[in-house]
Amino acid sequence: MSSGEETASALGRPWRAPHDHSGPTFVAGQGAWLVDRGGHRVIDATSGALNVFCGHGVEPIVDAYLSQLRTLAHVDMAQGLTGPAHRLADGLRDIRGHGGDRFFFANSGSEAIELAVGLSSRYWAAVDSRRTGIVTFERGYHGSTALCQSLSGLPQTSSAPDRFGVRVHHLTFGEFTGAEQRSGAAREHITAQLRTVLAGSAAGTVLVEPFLNVGGGIRLPEGLLGDIRRACDEYGALLVLDEVFTGVGRTGAWFAHEHTGVRPDLTAFSKGLTNGVCALSAVAADHRVLDRLPAGSIVPYGHTMSASAAACAAANATLEHMRRTGAVAAARAIGARLLSALERELRGTDGVVDVRGHGLALSVELDGVDCAGNVQQVVYDLGAYTRQQGSTVLLAPPACLSGAEEDRLVDHLVTGVRKVVAAR
Ligand SMILES: Cc1ncc(COP(=O)(O)O)c(C=O)c1O
């Protein structure tokens, strides 16, 4: 990848050293493609920040956003209401099919997680004030606010201050690595840990991602989410799903939990909602949680831009575009083809630890962080932009990928892996 040329600018970046301007500078995006300032075209297998699910520059979505900006950009949701916000909540309720859900909107995924965890702690304050503890995956990532970082257990978040006095219990994969992480034995190992924590602690909230994105593009073992739901029911804990990455559409279902039949108590989601046009996140709260909040109590959250009319209009148009183009089914079909091609070409190859995926979230785990970084670089030069999560190269392309683009993406990745492994 070309190194940043504007090293003298004052730009600071997330998750980087203060003066780090390495990486490409992009100037345009259309469909599944990005163009960098050198004119190099690459397939965007990162979908922006994993949020441009339908591809760049989708006109009906951009138009709906611009049109709403001209009509009415925003009112304070704590004081007034707008038609696009009502329509979005009802549209999401129809998609989820959980009649009792109510939708609360924020901007970032982190805010949605804070809101979901906040609702859970208000529930517990009303039901049993001792149950303040939270269970999460050690390899989970729940956002960059201080609370969200302290809920995650990743190396990059380990210095987060635990300033909230919340006891966080982390579930681990233990000795299970690579494909073993999806095994029945890993499922049992994790379920047993969860049951031990719930039986022996004051934990009342279990917060999990259905696909551990930042933690290494890890697909959970089949059946684990159902086990987690059963353990929560048995010990009376609330299940909060972090579908910030997986919602909406990414795994080939509107929400990843649909694959499992599990019904969460609270679901935070964000990335697919506006196709990257503007910030918007949401929490779907089941009536079983809301009904137990103290009568007359408020939901104590709110951000200036929460549920702006323009953001809701962009989300309504995104959902409509996804329905019209069959984007969710496309994610399922394209993802399945990509996975089988990558498995065929790379499974068992030197340097490759595992190939896995769910819908349009595919991971090629390599035998080292450097190897993954080198593969990402070579693949970029060949013509595809991928994402490195530790020793894993993640592919999360948009659902508009054509058959020819699919073949190209696979070809670039396979060539990249073979080149890097052969050169060492
Ligand atoms: C699973 C998950 N949760 C939470 C977040 C945080 O979302 P945001 O970056 O919008 O705050 C992310 C972002 O990547 C995520 O992948």
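Preceding this section is the structure that the text describes.
Bear in mind the structure is a predicted one, so any value in this text is a computation, not a measurement.

Quick notes on the rules
- Residues numbered from 1 in each chain as written.
- Predicted model: local features only at pLDDT ≥ 70, side-chain atom pairs only at ≥ 80, totals over all residues.
- Heavy atoms only, no water.
- Salt bridge = Lys/Arg side-chain N within 4 Å of Asp/Glu carboxyl O.
- Helix = DSSP H or I, 4+ residues; strand = E, 2+ residues; numbered from the N terminus.
- Buried < 20%, exposed > 50% of the residue type's maximum accessible area, 1.4 Å probe, protein only.
- Near = heavy atom within 4 Å.
- Polar contact = N/O pair within 3.5 Å; in protein donor to acceptor, adjacent residues only side chain to side chain.
- Areas by Shrake-Rupley, 256 points an atom, 1.4 Å probe, with all protein chains shown as cover.
- Nonpolar A, V, L, I, M, F, W, Y, C, P; charged D, E, K, R; others polar.
- Pairing = 2+ DSSP bridges.
- Contact = heavy atoms within 4.5 Å.
- Axes fitted to C-alpha atoms, helices over the stretch in contact; angles between N-to-C directions.
- Parallel < 35°, antiparallel > 145°, perpendicular 65-115°, else oblique.
- Left-handed = near helix turned anticlockwise from the far one by under 90°.
- Phe/Tyr/Trp six-rings, centres within 6.5 Å; stacked < 30°, edge-to-face > 60°.
- Lys NZ or Arg CZ within 6 Å of the ring centre and 35° of its normal.
- Expected span 1.5 Å × (residues − 1).
- Arc of directions from axis to C-beta.

### Remarks on the pattern of salt bridges
Counted by the stated rule, this structure contains 24 salt bridges. Among the salt bridges present, the one from E320 reaches R323, with a minimum N-O distance of 3.5 Å. Here the residue E320 and the residue R323 both occupy positions in helix α9 (residues 309–325), the gap between them amounting to three residues, near one helical turn. Residue R356 pairs with E365 through a salt bridge whose shortest N-O separation is 2.7 Å. In this structure E365 comes out as buried when scored by relative accessible area, which is 14%.

### Some thoughts on the site of the ligand
Lining the immediate surroundings of the ligand are S108, G109, S110, Y141, H142, G143, E209, N213, D242, V244, F245 and K271. The contact in question runs from a nitrogen atom of the ligand to an N or O atom on the backbone of Y141, over 3.3 Å. Contact between the ligand and D242: a nitrogen atom at 2.7 Å from a side-chain N or O atom of the residue. For the ligand, whose free accessible area comes to 390 Å², the fraction covered by protein is 84%. Of the residues belonging to the shell around the ligand, the class tally is three nonpolar, six polar and three charged.

### Observations concerning the sheet that holds strand β3 (residues 41–44)
Strand order in the open sheet formed by four strands is β1-β2-β3-β15, with mixed pairing between adjacent strands. Single-partner strands in this sheet number two, and they are β1 (26–30) and β15 (384–385). Its contacts with the sheet place helix α12 (residues 403–422) against β2 (33–36), β3 and β15, and it is angled at close to 100 degrees to β3.

### Focus on the packing of helix α2 (residues 59–71) against α9
As a packed pair, α2 and α9 sit with axes 8 Å apart at the nearest point and diverge in direction by 155 degrees. As far as their axial angle goes, α9 and α2 are roughly antiparallel. Note that α2 runs across α9; the crossing there is right-handed. Residues P60, I61, A64, Y65, Q68 and L69 of α2 form the contact with α9, whose participating residues are A309, A310, A311, A313, A314, A317, T318, H321 and R324. Per-class residue counts for the contact of α2 with α9 are eleven nonpolar, three polar and one charged.

### Notes on the packing of aromatic side chains
Scanning the entire structure with this criterion turns up ten aromatic pairs. Between F255 and F269, the aromatic rings sit 4.8 Å apart at their centres with planes inclined by 85 degrees, giving edge-to-face as the arrangement. Placement of the pair is F255 in the loop between β10 (238–243) and β11 (266–269) and F269 in strand β11, with a sequence separation of 14 residues. One exposure class covers both F255 and F269, and it is buried. Connected via pairs of aromatic rings, a cluster forms that spans F26, Y380 and Y385. The aromatic ring of W33 is capped on one face by R41, whose charged end is 4.3 Å from the ring centroid. Between the NZ or CZ atom of R96 and the centre of the ring of F255, over which it lies, the distance is 4.8 Å.

### Observations regarding the pairing of strand β14 (residues 361–366)
Burial analysis of β14 places six of its six residues in the buried class, which makes it a mostly covered element. Covered by surrounding structure in β14 are A361, S363 and E365 together with L362, V364 and L366, the residues of both alternating faces. Sheet topology places strand β13 (residues 352–358) next to β14; six bridges connect them, and they run antiparallel. Directly across from D354, in β14, lies its bridge partner E365. Remark: two residues form the turn of the hairpin made by β13 and β14, two consecutive strands paired antiparallel; G359 in that turn has positive phi of roughly 60 degrees. In the sheet, β14 pairs with strand β17 (residues 392–395) via four bridges, with the strands oriented antiparallel. When the bridges of β17 are listed, V364 appears paired with V393.

### Considering helix α3 (residues 83–96)
Counted at 1.5 Å a residue, the expected span for α3 with its 14 residues is 20 Å, and the 20 Å between its end C-alpha atoms agrees. Listing the buried residues of α3 in full gives P84, A85, L88, A89, G91, L92, I95 and R96. Within α3, the buried residues cover an arc of 165 degrees as seen down the axis, which keeps them to one side. The exposed set on the far side of α3, more than 90 degrees from its buried face, consists of R87 and D94. Here the buried face of α3 lies against α2, β4 (102–106), β11, β12 (281–285) and α9.

### A short note on the sheet that holds β14
The strand order β13-β14-β17-β16 describes an open sheet built from four strands, whose pairing is antiparallel. Both edges of this open sheet fall to β13 and β16 (387–389), since each of them pairs with a single strand only. Ignoring which end each strand starts from, the neighbouring axes of this sheet average 25 degrees apart. Here helix α10 (residues 327–346) sits on the sheet and contacts β13, β14 and β17; the angle it forms with β13, its principal contact strand, is near 170 degrees. The strands touched by α12 are β13, β14 and β17; relative to β17, the strand with the most contacts, the crossing angle is about 170 degrees.

### Examining unusual backbone geometry
Cis geometry is adopted by the peptide bond preceding V248, which originates at G247 and carries an omega value of 0 degrees. Among the secondary structure elements, V248 is positioned in the loop between β10 and β11. Within the chain, W15 stands out as a residue other than glycine whose phi angle is a positive 55 degrees. The class for W15 is partly exposed, based on a relative accessible area of 49%. Of note in this structure, S47 is not a glycine but carries a positive phi near 45 degrees.

Treat this as a map of the structure, not an account of what it does.
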